[in-house]
Amino acid sequence: MIDLDNQTDLSIDLGKLEKIADALTHADIELIVTDDETIQALNSEHRGKASTTDVLSFPLETPFTEQSVFGMPLGSIVIAQSYVVQKAKELGHTTQDELSLLFIHGMLHLLGFDHEVDEGEMREKEEALIAQFDLPKSLIVRTEES
């Protein structure tokens with residue numbers, strides 16, 4: 001289940017995001033869609049980067065390997081509404097598609113994937129999910145191709 005905190009006026013089809021989440025985990029996820037100021041503050045506080053970003057993931061630190069067994073959430077995903085709108089317009093797809101792409105990216109980070117240090121595993125998993133849910137290419141895939 002996704003616990004949605006939409007702090008913006010962005011229209012969100014939660015059912016589509018739930019299908020993506022269900023394909024990856026049975027654990028609960030918190031999803032926050034917010035403004036640039038909030039995500040910039042979080043990015044600064046947690047990553048030491050004083051800039052906005054598209055998506056941040058905060059895995060719940062727990063000694064258990066499978067949170068869903070104990071009813072614990074997997075973690076939180078924070079997405080910047082401005083990035084969703086900007087990229088959707090720039091790339092010619094819907095805001096729901098862009099939100100779904102960022103949600104997949106955030107989910108994979110919650111599950112332990114890290115494209116900054118892995119050898120392509122996250123990109124491969126992301127590509128498979130994009131195909132499974134019939135979505136346009138994500139940032140990580142677009143970056144890989146250029």
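## So, the sheet that holds strand β4 (residues 75-80)
And step 1. Strand order in the open sheet formed by four strands is β1-β2-β4-β3, and the pairing between neighbours is mixed. Of all the strands in the sheet, just β1 (2-6) and β3 (55-59) have a single pairing partner and so form its edges. Averaged over neighbouring strand pairs, the angle between their axes works out to 15° when direction is ignored.
And step 2. Where strand β2 (residues 29-34) meets β4, six bridges bridge the pair, whose relative direction is parallel. Within the sheet, the bridge partner assigned to Ile 32 lies in β4 and is Val 78.
And step 3. Contacts between helix α4 (residues 81-91) and the sheet are confined to β2 and β4, with β4 contributing the most and set at about 55° to the helix.

## Some points on helix α6 (residues 121-132)
And step 1. The end-to-end C-alpha distance of α6 is 17 Å, a good match for the 16 Å that 12 residues give at a rise of 1.5 Å each.
And step 2. All of the buried residues in α6 are Met 122, Arg 123, Glu 126, Leu 129 and Ile 130. All buried residues of α6 fall inside an arc of 130° around its axis, so they share one side. Those residues of α6 that are exposed and aimed more than 90 degrees away from the buried face are Ala 131 and Gln 132.

## Quick word on the pairing of β4
And step 1. For β4, the buried fraction is high: six of the six residues fall into the buried class.
And step 2. Across the two faces of β4 the burial is the same, with Gly 75, Ile 77 and Ile 79 and Ser 76, Val 78 and Ala 80 all buried.
And step 3. Strand direction decides the pairing type here: β3 and β4, joined by five bridges, are antiparallel. Paired with Leu 56 across the bridge in β4 is Val 78.

## Focus on the pattern of salt bridges
And step 1. Taken as a whole, this structure holds two salt bridges when the rule is applied.
And step 2. Measuring nitrogen to oxygen at the nearest pair gives 3.0 Å for the salt bridge that ties Lys 87 to Glu 90. Here the residue Lys 87 and the residue Glu 90 both occupy positions in helix α4, the gap between them amounting to three residues, near one helical turn.
And step 3. Using a relative accessible area of 22% as the deciding quantity, one classes Lys 87 as partly exposed.
And step 4. Here Arg 123 makes a salt bridge to Glu 127, at a shortest N to O gap of 3.2 Å. Of the two residues, Arg 123 and Glu 127 both sit in helix α6, four residues apart, roughly one turn of that helix.

Criteria and thresholds
Residues numbered from 1 in each chain as written. Predicted model: local features only at pLDDT ≥ 70, side-chain atom pairs only at ≥ 80, totals over all residues. Heavy atoms only, no water. Pairing = 2+ DSSP bridges. Helix = DSSP H or I, 4+ residues; strand = E, 2+ residues; numbered from the N terminus. Axes fitted to C-alpha atoms, helices over the stretch in contact; angles between N-to-C directions. Contact = heavy atoms within 4.5 Å. Expected span 1.5 Å × (residues − 1). Buried < 20%, exposed > 50% of the residue type's maximum accessible area, 1.4 Å probe, protein only. Arc of directions from axis to C-beta. Salt bridge = Lys/Arg side-chain N within 4 Å of Asp/Glu carboxyl O.

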